[in-house]
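# Topology and contacts: notes
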Amino acid sequence: MSHFGEHLKHYRELKNMSQEELAFKARLGRQTIEKYESGVKVPDTQTILKLSTVLDVPASELVDKEHFQKKNKIN
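Every value quoted in this text rests on a predicted model; they were computed, and no experiment measured them. (Residues numbered from 1 in each chain as written. Predicted model: local features only at pLDDT ≥ 70, side-chain atom pairs only at ≥ 80, totals over all residues. Heavy atoms only, no water.)

### Some remarks on the pattern of salt bridges
Using the following cut-off: Salt bridge, as applied in this entry: a Lys or Arg side-chain nitrogen positioned within 4 Å of an Asp or Glu carboxyl oxygen. By the criteria applied, helices consist of DSSP H or I runs no shorter than four residues and strands consist of E runs no shorter than two, each listed in order from the N terminus. Relative accessibility under 20% of the residue-type maximum defines a buried residue, over 50% an exposed one, and the middle range a partly exposed one, all with a 1.4 Å probe and only protein chains included.
Following the criterion strictly, the structure yields three salt bridges and no others. Two residues, Lys 25 and Glu 21, come together in a salt bridge whose shortest N-O distance is 3.3 Å. Here Lys 25 and its partner Glu 21 are both found in helix H2 (residues 19-26), four residues apart, which amounts to about one turn of the helix. Judged by relative accessible area, Lys 25 falls into the partly exposed class, the value being 45%. Residue classification places Glu 21 among the partly exposed positions, given a relative accessible area of 32%.

This is the structure we're talking about:
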């Protein structure tokens, strides 16, 4: 799983959202969210911004491994 995918899943689960709900709110397909979370596909910048808005987190927290690790104490 890519760092982005791990972060996306983490914040989606913190919001108690299913992949389907996140996809609907971000106007994406559920399979697209699944591919992002599994690291099969990487979103473009506009999609990252859209996802961060829906999840109400800064885009940097979705893409920045070091910031995410410090904030969430992940090794």
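Alright, that's what it looks like, and here's the rest.
### Notes on the packing of helix H1 (residues 3-14) against helix H4 (residues 45-55)
How two helices sit against one another is set out by the angle between their axes and by the gap between those axes. Let me state the cut-off plainly: For helices, the fitted axis covers only the stretch in contact; all axes are lines through C-alpha atoms, and the angles between them, taken along N-to-C directions, range from 0 to 180 degrees. Reported orientations rely on four angle classes, namely roughly parallel under 35 degrees, roughly antiparallel over 145, roughly perpendicular from 65 to 115, and oblique for the rest. In a left-handed crossing the near helix is turned counterclockwise from the far helix by less than a right angle, and in a right-handed crossing that turn is clockwise. The contact criterion used is simple: two residues touch if any of their non-hydrogen atoms lie within 4.5 Å. Residue polarity is assigned by list, with Asp, Glu, Lys and Arg as charged and Ala, Val, Leu, Ile, Met, Phe, Trp, Tyr, Cys and Pro as nonpolar; anything else, Gly included, falls into the polar class.
Between H1 and H4, the shortest axis-to-axis distance is 10 Å and the interhelical angle comes to 25°. In terms of orientation, H1 and H4 fall into the roughly parallel class. Seen from above, H1 lies across H4 with left-handed handedness. Facing Phe 4, Leu 8, Tyr 11 and Arg 12 of H1, the residues of H4 in contact are Ile 48, Leu 51 and Leu 55. Classifying every residue of the contact of H1 with H4 by side-chain character gives six nonpolar, no polar and one charged.

### Concerning H4
The α-helix winds at 3.6 residues per turn, so residues separated by three or four positions along the chain end up facing the same way. This is how the line gets drawn: As used here, the arc is the angular range of directions from the helix axis to the C-beta atoms.
Buried residues of H4: Thr 47, Ile 48, Leu 51, Ser 52 and Leu 55, and no others. Looking down the long axis of H4, one finds its buried residues gathered within 135° of arc, a one-sided arrangement. Among the exposed residues of H4, those pointing more than 90 degrees away from its buried face are Thr 45, Gln 46 and Thr 53. The inward-facing, buried residues of H4 abut H1, H2, helix H3 (30-38) and helix H5 (59-63). Positive backbone phi, at 60°, marks Asp 56, one or two positions downstream of H4.

### Quick look at the packing of H2 against H3
Relative to each other, H2 and H3 sit at 110°, their axes nearing to 8 Å. For the element pair H2 / H3, the angle class is roughly perpendicular. The element H2 and its partner H3 pack so that their crossing is right-handed. Side by side, H2 and H3 meet where Gln 19, Glu 20, Leu 22 and Ala 23 of the first sit next to Arg 30, Ile 33, Glu 34 and Glu 37 of the second. Its residues placed into classes, the contact of H2 with H3 shows three nonpolar, one polar and four charged.

The quantities given are spatial measurements derived from coordinates; they are silent on function.
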